[in-house]
Amino acid sequence: MVRSYILSLTNKCSPHSPNTYSYIYLSDREYVASFKSKILSYPLDGDILLYYYNKAILDAFNLTVPQTWDEYNQVAEAVHGQTFEGKTLSGSCLGRVEGCAGAYWAQAVLSSMTATKGPATGSLFSTKDMSPLTGEAMVRTLDIMKESAKYGSPNEFQGCWEINIQDLNDGTCAQTINWGNQFTEYAKVGSALLGGRLGIAQTPGSAEILDRDTMKLVDCDADSCPYGGQTSDGKYFNQAPYLAFGGWSCAVNNYVDDETKDLAMQFCSFVSKGAVPKAFGNATSDLHSGQDPVRLSQLDVDTYTARGYGEATTEEYLGNIKTGLSSENVVIDLRIPTAPSLMATLDSKTYSYLTSADDTSSLSAAEVTDTIDATWNKIISNYNEQPTTALPVLEVYQQLRGVPVTGSDTGGRNTTAIIVGCVVGLLLLLIIMILAWRIHKLNAAIKDMEKRGEQVPPNLRASSVLRPMSITKLIEKESLKAAEEE
Amino acid sequence: MATPNAAATKLLFLTNSICDWIPPYIAAFEEAMGGKDRVEISLITYDSGDPFGDLFKTIESEARTQGTLFSGYVTPPSPMGDVAPLDGWADFTSFIQDGRAEDWVDILPACE
């Protein structure tokens, strides 16, 4: 059975309506599957980061679900080192070892300050000119992450995302963020979170956002943060659900024969339906699928309860998947060329900052931000300068985000060429019109001369209009010349 | 010993070991299409070294060389920016508009 909150979506469209496809194509899904006007991949998995927490711990300390990263750190500080049910608590648990998921955690925080107007405007880089969206937002991100690490699990810098799972599951951690599909890990038999203790919500937002002109942080208000909400003390905040890594997709090789291509597309469509129950696993086995729901039809609570997952928790999970994937302010992961290098830079610089000593021998958050900017810009310019580069990074970025191509090397040249072409065309048109008018005037003058019985100078031809003088002067000159010759 | 069926249409997909939920779909699809006599799908899986890096590099290399070794890929969409300018991936638009993939409208955010 699909619950009412899900049915409210299906009532608004008919799968057979001719307009439905167009609408889908213009939706946020476009940003994951499309390049320019083509659909180049078939989504199989709706990967999105969610906030997971232990309800019993937050309740015991009279804490509410954080709506901003500052509140996340307040929750972490409040419980860190406290004892709950005989266990010493960590306020937060995020595996932060270099080379794992540090760039995703960083982008989750950063995007809450930089992504306010949807995927078309970018979150790590501006889609206008490829400038890094860092500035005070990155400085603040580094500070937030350093603060949360203070209240983190003792082994955070030695482990990957298994820390996010194990520490929450064994009841020693209050909160974390993780991919949606990890719900099945948190809700499986044996977890300390069973019995209604597993809480799931959207990842926290931010009450401050980046002003892209000044690169400084400014407070949210109702206009600047339309996709967030208000905190309990009335502050507006921005929320940007993050499709970290982008989920799994199916793509078909464009260079195979048509029969193979068609069959491969059918396979992609088949997998996307998610119709193989075994692939979803169940609450009592170790088979837990990495395939998150990506379809309305997969937001089916009964599918999960039949496999042993709790009903209320499942509803919370599916509701948050739906909210995140339907957000108009969803953050799409980078798919541009050089993306792995850009993300690796964010990972390594963040890791270095978080593990550095708090003294003057270490780079400040502002200095780390500057090195991130410089490294990113270098990576991008190096790529653009390679002879094998088909399109500059900015142009690819804009095509992927469905925004008009402007400002790149190639794009800039195209724009200049169009402007020059238009000006030259207008000039040519003007010259032709002037010549036509002069020919018309000359013909009229010749007819007048003939009417008056005057002799028309033999050299007075249509080509005479090219001579730089008025028609009257031209006739006078030619007449005089003819008279002299006679 | 089973003999290979030359008449079957063969597909070769590439992915990595993180995507461990794909094999059940292959068996189910082959069955839905009339069995291995009609369609046979093989899967190559990168499972050591850098599973994502290797996957992305191979996908880009196929597009750059216009190779036809793989019929398709199960991958995060990350390589799209490298592959799309090279025309390496087929366009699903006609397939979807022709009603071959009616379930497309079910994909979130669907019809809000």
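Residues numbered from 1 in each chain as written. Chains lettered and ligands numbered in written order. Predicted model: local features only at pLDDT ≥ 70, side-chain atom pairs only at ≥ 80, totals over all residues.

(A) Structural detail: the overall build of chain B. Along chain B, the regular secondary structure elements total four helices and three strands. Tracing chain B from N to C terminus, the helices and strands come up as β-α-β-α-β-α-α. Looking at chain B residue by residue over its 112 residues, the buried ones come to 45%. Contacts in chain B between residues at least 24 apart in sequence constitute 63% of all its contacts with a sequence separation of at least 6. (Helix = DSSP H or I, 4+ residues; strand = E, 2+ residues; numbered from the N terminus. Buried ≥ 20, exposed ≤ 12 C-beta atoms within 10 Å, placed from the backbone. Contact = placed C-beta atoms within 7 Å.)

(B) Quick peek at the overall build of chain A. Helix and strand counts for chain A come out as 17 helices and 15 strands. In chain A, which comprises 486 residues, the proportion classed as buried is 47%. Partitioning the intrachain contacts of chain A with sequence separation of at least 6 by distance along the chain shows that 71% fall at a separation of at least 24.

(C) Focus on helix α5 (residues 69-79) of chain A. Residues and elements named next belong to chain A. Every buried residue belonging to α5 is among Trp 69, Tyr 72, Asn 73, Val 75, Ala 76 and Val 79, and all of these are buried. Axial view of α5: buried residues confined to an arc of 155°, hence all on one face. Elements that come into contact with the buried residues of α5 comprise α4 (55-60), α6 (102-114), α7 (135-150) and β7 (175-179). Phi turns positive, to about 85°, at Gly 81, one or two residues after α5. (Arc of directions from axis to C-beta.)

(D) Focus on the confidence of the model for chain B. Averaged over every residue, the pLDDT of chain B is 87; the share at 70 or more is 86%. Our summary of model confidence lists the complex with pTM equal to 0.80 and ipTM equal to 0.93. (pLDDT = per-residue confidence, 0-100.)

(E) Geometry of the sheet that holds strand β8 (residues 198-202) of chain A. All names here are of chain A. Read across the open sheet, the three strands follow the order β7-β4-β8; overall the sheet is antiparallel. Single-partner strands in this sheet number two, and they are β7 and β8. Each neighbouring strand pair of the sheet contributes to a mean axis angle of 35°, computed without reference to strand direction. Sitting on the sheet, helix α12 (residues 311-326) is in contact with β4 (49-54) and β8, with an inclination near 10° to β8. (Pairing = 2+ DSSP bridges. Axes fitted to C-alpha atoms, helices over the stretch in contact; angles between N-to-C directions.)

(F) Geometry of the sheet that holds strand β3 (residues 72-75) of chain B. Sheet architecture is open: five strands sit in the order β3(A)-β14(A)-β3(B)-β1(B)-β2(B), paired in mixed fashion. Across the chains shown, the open sheet's two edge strands, defined by having one partner strand only, are β3 (42-43) of chain A together with β2 (39-46) of chain B.

(G) Local environment of the packing of α7 of chain A against helix α13 (residues 339-355) of chain A. Residues and elements named next belong to chain A. At a minimum axis distance of 10 Å, the contact between α7 and α13 shows a crossing angle of 50°. Judged by the inter-axis angle, α7 sits oblique to α13. In the packing of α7 onto α13, the handedness of the crossing is right-handed. Only Thr 350, Tyr 353 and Leu 354 of α13 make contact with α7, whose side of the interface consists of Leu 142, Met 145, Lys 146 and Ala 149. Its residues assigned to classes, the contact of α7 with α13 comprises five nonpolar, one polar and one charged. (Parallel < 35°, antiparallel > 145°, perpendicular 65-115°, else oblique. Left-handed = near helix turned anticlockwise from the far one by under 90°. Nonpolar A, V, L, I, M, F, W, Y, C, P; charged D, E, K, R; others polar.)

(H) A look at the nonpolar core. Residues Trp 105, Ala 174 and Phe 267 of chain A are the most contacted members of the largest nonpolar core, which totals 142 residues. Ignoring anything within four residues of it in the chain, the contact list for Ala 174 of chain A reads Tyr 53, Asn 54, Ile 57, Leu 58, Val 75, Ala 76, Val 79, Leu 89, Gly 91 and Ser 92 of chain A. (Core = buried A, V, L, I, M, F, W, Y, C linked by C-beta atoms within 7 Å.)

(I) Examining the packing of α13 of chain A against helix α14 (residues 365-385) of chain A more closely. Residues and elements named next belong to chain A. Interhelical geometry of α13 versus α14 gives an angle of 160° and a closest axis separation of 10 Å. Classified by the interaxial angle, the pair formed by α13 and α14 is roughly antiparallel. When the axes of α13 and α14 are compared, the crossing they make is right-handed. In contact with Ser 341, Leu 342, Thr 345, Leu 346, Lys 349 and Tyr 353 of α13, α14 contributes Ala 365, Val 368, Thr 371, Ile 372, Thr 375, Trp 376 and Ile 379.

(J) Geometry of the pairing of β8 of chain A. All names here are of chain A. Burial of β8 is extensive: four of the five residues sit out of reach of the surface. In this structure, β4 lies alongside β8, joined through five bridges in antiparallel fashion. If you follow Leu 50 over to β8, its bridge partner there is Gln 202.

(K) Structural context of α14 of chain A. Residue and element names in this part refer to chain A. Between the first and last C-alpha of α14 there are 30 Å, a value that for 21 residues agrees with the 30 Å anticipated at 1.5 Å per step. Of the positions making up α14, those classed as buried are Val 368, Thr 369, Ile 372, Trp 376 and Ile 380. Within α14, the buried residues cover an arc of 105° as seen down the axis, which keeps them to one side. Turned more than 90 degrees off the buried face of α14, the exposed positions are Ala 366, Glu 367, Ala 374, Lys 378, Ser 381, Asn 382 and Glu 385. Where the residues of α14 are buried, they touch α7, α13 and α15 (393-401). (Expected span 1.5 Å × (residues − 1).)

(L) Spatial organisation of the pairing of β3 of chain B. Of the two faces of β3 of chain B, the one holding Gly 72 and Val 74 of chain B and the one holding Tyr 73 and Thr 75 of chain B are both buried throughout. Note: strand β14 (residues 249-252) of chain A against β3 of chain B, four bridges, orientation antiparallel. Residue pairing across strands places Val 252 of chain A opposite Gly 72 of chain B, the latter belonging to β3 of chain B. One ladder, built from two bridges, connects strand β1 (residues 9-16) of chain B with β3 of chain B; its direction is parallel. Looking at β3 of chain B, one finds that Phe 13 of chain B is bridged to Gly 72 of chain B.

(M) Molecular detail of unusual backbone geometry. The residue Asn 62 of chain A is not glycine, and still its phi comes out positive at about 55°. Its location among the elements puts Asn 62 of chain A in the loop between α4 and α5. For Asn 62 of chain A, a count of 7 C-beta atoms within 10 Å puts it in the exposed group. The backbone of Gln 66 of chain B sits at a positive phi, close to 55°, despite the residue not being glycine. Of note, Gln 66 of chain B is situated in the loop between α2 (51-65) and β3. Take Gln 66 of chain B: there are 12 C-beta atoms within 10 Å of it, and that puts it in the exposed class.

(N) Representation of the environment of Ala 56 of chain A in the model. Turning to its location among the elements, Ala 56 of chain A is positioned in helix α4. Given 19 C-beta atoms within 10 Å, Ala 56 of chain A falls into the partly exposed group.

(O) Spatial organisation of the environment of Pro 204 of chain A. All names here are of chain A. Looking at where Pro 204 falls in the secondary structure, it is placed in the loop between β8 and β9 (208-211). By C-beta crowding, Pro 204 is classed as buried, having 24 other C-beta atoms within 10 Å. Measuring from C-alpha to C-alpha, the distance between Pro 204 and Tyr 72 comes to 7.2 Å, with 132 residues separating the pair along the chain. Every residue in contact with Pro 204, bar those within four places of it in the chain, is listed here: Tyr 51, Pro 66, Gln 67, Thr 68, Trp 69, Glu 71, Tyr 72 and Ser 112.

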